[in-house]
Amino acid sequence: MANEVKSYSEVARALEARGQDPSGLFPFGGRPPLPEYLRQLWDRRHFIWYDSRRRAATQNTRNILGNLWLVIRPMMDAAFYYLIFAVLLEVDRGIENFPAFLVIGILMFQATSSAFSSGANTMRGAKSMLRAFSFPRAAIPISNVLQSGLTAVITTAAMCVAIMLVPPHALPQVTWPLLIPIFLMHLLVNLGITFITARIGFHFPDMTNLMSIISRMLRYGSGVMFPIERFVSDPTIREIVMLNPLFRVIDMSRTVLIDGAVPDMKSWLILGAWAVLLPLGGFIFFWRGEESYGRELR
């Protein structure tokens, strides 16, 4: 039969002519049906988890301070932005606990910034694996996001310790456990972003440079270092900015950790919608390009 047929459709017709059912077959290296694709991903769940844990544990092993950089780097960023925005520009006026306000914004932003910047290089960085093995390619961005999530657990714990130690001290309150569902929804948002940027970055390497610009725009458009409501007076523009999922993550985290209050229902609904729709849409978008990821890279 191998000498008689050249394509999947011809193979299917040949099998049907012999009274066999070809419905369970799909082209090798092609895009399996979505249920089969999900099953393949589930079968590889242990490998995905092991790979993400291994890379999270070894990502800074070449540095003398190792994984301490997961804490040192964002704290140095926060100190720098405190100098600029509090000491020089004095935007901290009217904010009771600006150090905590800034630390939460910086650390929450970094996880999403990483999803943009590293997501665009995710598939090209794994080109040797793509050429050597046949597996559902979605395993790569999922593993990357899980790695980021594992490191974010460390930085989030360090963030909580930092806001307790730095005056005027944000002490633990009964609302602090609400940070867990916010963290998980944030992780899902980052997963959706990574799916989208991984496919686009695979076909358009120049997207890496564009992602850095988008990340910079998000930094200043999500209330990371200053309160949006103080500098955006137009109500329409303010509402558009507040639909940004990263703004909601940061704002809700500050509400829970600094104010000791429960975020309003609108915030939960907006972030929840992003946490469902973005990874779902991103996954479908990524899956539809499955056939192209195994082709020879330029």
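The rules behind these values
- Residues numbered from 1 in each chain as written.
- Predicted model: local features only at pLDDT ≥ 70, side-chain atom pairs only at ≥ 80, totals over all residues.
- Heavy atoms only, no water.
- Helix = DSSP H or I, 4+ residues; strand = E, 2+ residues; numbered from the N terminus.
- Buried < 20%, exposed > 50% of the residue type's maximum accessible area, 1.4 Å probe, protein only.
- Contact = heavy atoms within 4.5 Å.
- Areas by Shrake-Rupley, 256 points an atom, 1.4 Å probe, with all protein chains shown as cover.
- Phe/Tyr/Trp six-rings, centres within 6.5 Å; stacked < 30°, edge-to-face > 60°.
- Lys NZ or Arg CZ within 6 Å of the ring centre and 35° of its normal.
- Patch = residues over 30% accessible without salt bridge, like charges linked within 9 Å, V, L, I, M, F, W, Y side chains within 5 Å.
- Salt bridge = Lys/Arg side-chain N within 4 Å of Asp/Glu carboxyl O.
- Core = buried A, V, L, I, M, F, W, Y, C linked by side-chain atoms within 4.5 Å.

A look at the overall build of the protein
A count of helical and extended segments in the protein gives 15 helices and zero strands. Looking at the 298 residues of the protein, the share that counts as buried comes to 44%. A separation of at least 24 residues holds for 74% of the contacts in the protein among residues at least 6 apart in sequence. Approximately 16,200 Å² of the protein is accessible, and the part contributed by carbon and sulfur atoms is 64%.

Structural notes on the packing of aromatic side chains
Enumeration according to the criterion identifies four aromatic pairs in this entry. Judged by centre distance (5.8 Å) and plane angle (20 degrees), the rings of Phe-98 and Phe-101 are stacked. Placement of both Phe-98 and Phe-101 in helix α5 (residues 98-119) is noted, with a separation of three residues, approximately one turn of the helix. We note that Phe-98, like Phe-101, is buried. Here a set of aromatic residues connected by ring pairs shows up, and it is made of Tyr-37, Phe-195, Phe-283 and Phe-286. The ring of Phe-285 carries the charged tip of Arg-199 above its face, separated from the ring centre by 4.6 Å.

Description of a nonpolar patch on the surface
Together, Val-161, Leu-165 and Val-166 give the surface a local cluster of nonpolar side chains, amounting to about 270 Å² of exposed area. One can find Val-161 in helix α8 (residues 139-165).

Looking at the nonpolar core
Formed by 47 residues in total, the largest nonpolar core has its most connected members in Ile-106, Met-159, Ile-163 and Leu-257. Only α4 (69-88), α5, α8, α9 (179-203), α10 (207-221), α12 (235-242), α13 (245-259) and α14 (265-287) provide two or more residues apiece to this core. Ranked by the residues each element gives to this core, the list is headed by α5, at twelve residues. Membership of the second largest hydrophobic core comes to 19 residues, among which are Ile-48, Ala-138, Ala-198 and Trp-287.

Section: the environment of Ile-104
Positionally, Ile-104 belongs in helix α5. Between the alpha carbons of Ile-104 and Met-159 there is a distance of 6.8 Å; along the sequence they are 55 residues apart. Ignoring any residue separated from it by four or fewer positions in sequence, one finds Ile-104 in contact with Met-159, Ile-163, Ile-250, Ser-253, Arg-254, Leu-257 and Ile-258.

Observations regarding the pattern of salt bridges
According to the stated counting rule, one finds four salt bridges in the structure shown. A salt bridge links Arg-39 to Asp-43, with the shortest nitrogen-to-oxygen separation between them at 2.5 Å. One end of the pair is Arg-39 and the other is Asp-43, both in helix α2 (residues 34-43) and four residues apart, which spans about a single turn. Given a relative accessible area of 42%, Asp-43 falls into the partly exposed group. Because the salt bridges share partners, they merge into one network encompassing Glu-36, Arg-39 and Asp-43.

Considerations on the side chain of Asn-97
Among the structural elements, Asn-97 can be located in the loop between α4 and α5. Relative accessible area serves as the criterion here: at 8%, Asn-97 is assigned to the buried category. Beyond its immediate sequence surroundings of up to four residues, Asn-97 is in contact with Pro-167, Pro-168, His-169, Ala-170 and Ile-258.

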